[in-house]
Amino acid sequence: MNQSIEVAKKKVRKEIKSIKETYSYPQKKEMSQPILDMLEQLPEFIQAKTIMLYWSMKDEVYTHEFVSKWAQKKKVILPSVKGNTLDLKVFQGLDNLIEGENYGIPEPEGSIFMEEDEIDLIIIPGVAFDKDNNRMGRGKAYYDRLLNSLSAYKVGVCFQFQVLDHIPVDEHDIRMDCVLYQ
Ligand SMILES: Nc1nc2c(c(=O)[nH]1)N(C=O)[C@@H](CNc1ccc(C(=O)N[C@@H](CCC(=O)O)C(=O)O)cc1)CN2
Ligand SMILES: Nc1ncnc2c1ncn2[C@@H]1O[C@H](COP(=O)(O)OP(=O)(O)OP(=O)(O)O)[C@@H](O)[C@H]1O
């Protein structure tokens, strides 16, 4: 990647990280609720039968109960880290989650969900987004690689302080169809 873009992304990651640290985990959970409420009202969400979500880490929009709740009504897919790529797996309840490789994020155990074309909607966390729906992640390009092969509607979610006027982008970065924040 272009050196100066990489440096600029690092700077943004550092700035966002220090703002995140000013909020406690309970505060971040509370701040997540209005974002999830908006998500539930999105026509694309209402219509979706199969949704890819994520199991939130402590500094992300909190999704744990949201995943469990919606898995009773829709097919919910979660990512599973496999080397440099993400496998997709169906969420089948809390008892079915195991610690993933590398980052220890809980992920479903079991077989890989191969019907990628069935995914109607993808909810994507990010470190920062901008007004043009660009997204920056944690710097491993997992989602950029995954989104290349999927045609689902892409919704970024984040806290208000993660939306900037402009973020550094390179040719790999995949733009969201919309970004929800509060
Ligand atoms: N909740 C959640 N699940 C996810 C992702 C995510 O961003 N959020 N991923 C999206 O890709 C994949 C996992 N990728 C990850 C990539 C980096 C880090 C991480 O903690 N990075 C450190 C920096 C470590 C380093 O530089 O080596 C950090 O951000 O502090 C975590 C997950 C799949 N599952
Ligand atoms: N589709 C891709 N295939 C191969 N390498 C890629 C791809 N997209 C990005 N990269 C490379 O991976 C590195 C990290 O990319 P980038 O900073 O865009 O990740 P990110 O979007 O923050 O991460 P993520 O998508 O996992 O949340 C960069 O060196 C970039 O050039």
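Our structure is the block above this text.
Below or above, wherever it landed, is the structure these notes cover. (Residues numbered from 1 in each chain as written. Chains lettered and ligands numbered in written order. Predicted model: local features only at pLDDT ≥ 70, side-chain atom pairs only at ≥ 80, totals over all residues.)

**Details of the overall build of the protein**
Thought 1: Helix and strand content of the protein: five helices and 11 strands.
Thought 2: For 182 residues, the compact-globule estimate of 2.2 N^0.38 gives 16 Å, and the protein sits close to it at 16 Å.
Thought 3: Overall, the C-alpha framework of the protein stretches about 40 × 35 × 30 Å when taken along its three principal axes.
Thought 4: A total of 182 residues make up the protein; the buried ones form 32% of that total.
Thought 5: Across the protein, contacts joining residues at least 24 apart in sequence account for 65% of those joining residues at least 6 apart. (Helix = DSSP H or I, 4+ residues; strand = E, 2+ residues; numbered from the N terminus. Rg over C-alpha atoms; globule rule 2.2 N^0.38 Å. Buried ≥ 20, exposed ≤ 12 C-beta atoms within 10 Å, placed from the backbone. Contact = placed C-beta atoms within 7 Å.)

**Thoughts on the site of ligand 2**
Thought 1: Close to ligand 2 lie 15 residues; Met 1, Gly 137, Ala 141, Tyr 143 and His 172 are nearest.
Thought 2: At five residues, helix H5 (residues 142-148) tops the list of elements feeding residues into the shell around ligand 2. (Near = placed C-beta within 6 Å.)

**Concerning the environment of Tyr 23**
Thought 1: Its place among the elements puts Tyr 23 in the loop between helix H1 (3-20) and helix H2 (25-41).
Thought 2: For the pair formed by Tyr 23 and Ser 111, sequence separation is 88 residues and the distance between their alpha carbons is 37 Å.

**Examining the environment of Asn 148**
Thought 1: With respect to the secondary-structure elements, Asn 148 resides in helix H5.
Thought 2: In the structure, Asn 148 is positioned 25 residues away from Asp 173 in sequence and 9.6 Å away in space, judged by C-alpha atoms.

**As for the nonpolar core**
Thought 1: Counting residues in each nonpolar core, the largest one holds 39 residues, and the members touching the most others are Ile 51, Ile 123 and Val 155.
Thought 2: Setting aside chain neighbours within four positions, we find Ile 51 in contact with Trp 70, Lys 74, Val 76, Ile 77, Asp 120, Leu 121 and Ile 123. (Core = buried A, V, L, I, M, F, W, Y, C linked by C-beta atoms within 7 Å.)

**Examining the site of ligand 1**
Thought 1: As a matter of local geometry, ligand 1 sits amid 16 residues, with Tyr 54, Pro 79, Tyr 103, Arg 138 and Tyr 142 nearest to it.
Thought 2: When its residues are assigned to classes, the shell around ligand 1 shows 11 nonpolar, two polar and three charged. (Nonpolar A, V, L, I, M, F, W, Y, C, P; charged D, E, K, R; others polar.)

**Some details on unusual backbone geometry**
Thought 1: Positive phi, close to 70 degrees, is recorded for Asn 102, a residue that is not glycine.
Thought 2: A tally of 9 C-beta atoms within 10 Å means that Asn 102 is categorised as exposed.
Thought 3: The phi dihedral of Asn 133 is positive, around 65 degrees, even though this residue is not glycine.
Thought 4: Turning to its location among the elements, Asn 133 is positioned in the loop between strand E7 (128-130) and strand E8 (135-136).
Thought 5: We classify Asn 133 as partly exposed; it has 15 C-beta atoms within 10 Å.

**Description of the pairing of strand E6 (residues 121-125)**
Thought 1: For E6, a buried count of five out of five residues is recorded, marking the element as mostly surrounded by other parts of the structure.
Thought 2: Of the two faces of E6, the one lined by Leu 121, Ile 123 and Pro 125 and the one lined by Ile 122 and Ile 124 are each fully buried.
Thought 3: Of the pairings in the sheet, the one linking strand E1 (residues 50-52) to E6 comprises two bridges and is parallel in character. Across the sheet, Met 52 pairs through a bridge with Ile 122, a residue of E6.
Thought 4: Here E6 pairs with strand E9 (residues 153-158) via five bridges, running parallel. Bridge pairing links Ile 122 to Lys 154 in E9. (Pairing = 2+ DSSP bridges.)

Honestly, it's all geometry; don't read function into it.
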